[in-house]
Every structure is written in C-alpha cells, then in structure tokens.
Amino acid sequence: EYSSICTTHEFQASRFMERYPCLNVVDADPISKEEARASLVSWLASLADNDGEALDVSEENQAKLLEAFDSHHEAALYLYTTHQKLGPRICLNTGQDYSLYYRALNNTLNSDLEPNIGHAIPLIQRMIYMLLYDESTGMKRLHAGGTVWKGDTLHPVPLNMHKLREAHRLHRIIR
C-alpha cells in the first residue's frame, strides 16, 4: 500500500533499518552533498520497480536531475519537493509509479527492496539531516509543535490511526 504506516517491529526489521547507519533512528548523522550526489547517481543507474524490473531513466532526465541537485544548496530536499520527471508513467497505481522523483523515492522506501534502498540510503540520510539540522551551524531545527499529518491530503485511514495511537501509547517512534 502506498504511504502506509508500518509498526515499530516492521520498521526495526526493515532493510532500511539494517542499512541506516545512524544508531539513533530519530536522528541523522551528517552526509556531505557529494556523498548524497553519488548516492543519487547510483540510485538512478540501478533503479528498479517493485517487481525488480529495471527502470530506464534517460540520460537527459538524469542530467536535469543532477543539474538541479548541483544548483541548490539543500538539493536533496529541493528534488523531493518538486515534480522532477524520471520517465513516463506506466502504472496508475501510485505505489508502483516511478515516473516522478518523489514518488520513486517514496516507493523505494515503501517497497524496502534491494538494491534500491541500499543505493538511496545516503541520499535519504542527507534529506533527514537537512530537515533536522541547520547545516551551517550544526544546530537542531526545532518544530513549533502542532498536528502533523504524514503528507497525505486526507486524515489517516482507521488502520493507520490505530498504529499512530499504539505508537503514542507505547512511546514508540513513527517513521
């Protein structure tokens, strides 16, 4: 399912968790822009869909992504928050759509499959770090608080609400 919430146990058993190098999973170690760029290049070169079928990201689209990455300070966040095209949309199911950068990265996380996840980890780690810290000072960015939904346009479905309540009751992290 696209954009579902996993349980703490599922998260801890994931390939993402195996590969994520930071000991405190609610934090992120700094990753240089160069390491994140190398991760982007290898992820694009080896990107496969949920069935393991190789996806062809054209050289032209790769060049556009790398140019956008190179021209923005918080490049990993910039790419994720813009509609950067990877290729044609060949599937109507959002959970299998790799036509846009942000969906392909979401589906890399949701599918939790190798080699996608392995190639994407430094890029994802940089995104997490840039969301949590001001790179110039190394100081943590503080969220003012309030209700935060997980990016969906509607409130969570009942199953996800249950998972959120359970995580809150058990004082567990939610990713």
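Anything mentioned here points back to the structure above.
Let me sum up the structure you'll find in this document. Just so it is clear, the structure is predicted and the values come from calculations on it, not from any experiment.

Considering the side chain of Arg103
Move 1: Mapped onto the elements of the fold, Arg103 is located in helix H6 (residues 101-111).
Move 2: By relative accessible area, Arg103 is classed as buried at 16%.
Move 3: At 2.6 Å, the side chain of Arg103 and the side chain of Asp97 are in polar contact.

Examining the environment of Ala36
Move 1: With respect to the helices, strands and loops of the structure, Ala36 is situated in helix H3 (residues 33-46).
Move 2: In this structure the C-alpha to C-alpha distance between Ala36 and Ala120, which are 84 residues apart in sequence, comes to 8.5 Å.
Move 3: Among residues more than four places away in sequence, those in contact with Ala36 are Ile31, Phe69, Pro122, Leu123 and Arg126.

Comments concerning H6
Move 1: With respect to burial, H6 is a largely interior element, nine of its 11 residues being buried.
Move 2: Within H6 the residues assigned to the buried category are Tyr101, Tyr102, Arg103, Ala104, Leu105, Asn106, Asn107, Thr108 and Ser111.
Move 3: Looking at the buried positions of H6, the neighbouring elements they touch are H3, helix H4 (59-70), helix H5 (75-80) and helix H7 (116-132).
Move 4: Where H6 terminates, the next one or two residues include Asp112, which has phi positive at roughly 60 degrees.

Conventions we followed
- Residues numbered from 1 in each chain as written.
- Predicted model: local features only at pLDDT ≥ 70, side-chain atom pairs only at ≥ 80, totals over all residues.
- Heavy atoms only, no water.
- Helix = DSSP H or I, 4+ residues; strand = E, 2+ residues; numbered from the N terminus.
- Buried < 20%, exposed > 50% of the residue type's maximum accessible area, 1.4 Å probe, protein only.
- Polar contact = N/O pair within 3.5 Å; in protein donor to acceptor, adjacent residues only side chain to side chain.
- Contact = heavy atoms within 4.5 Å.

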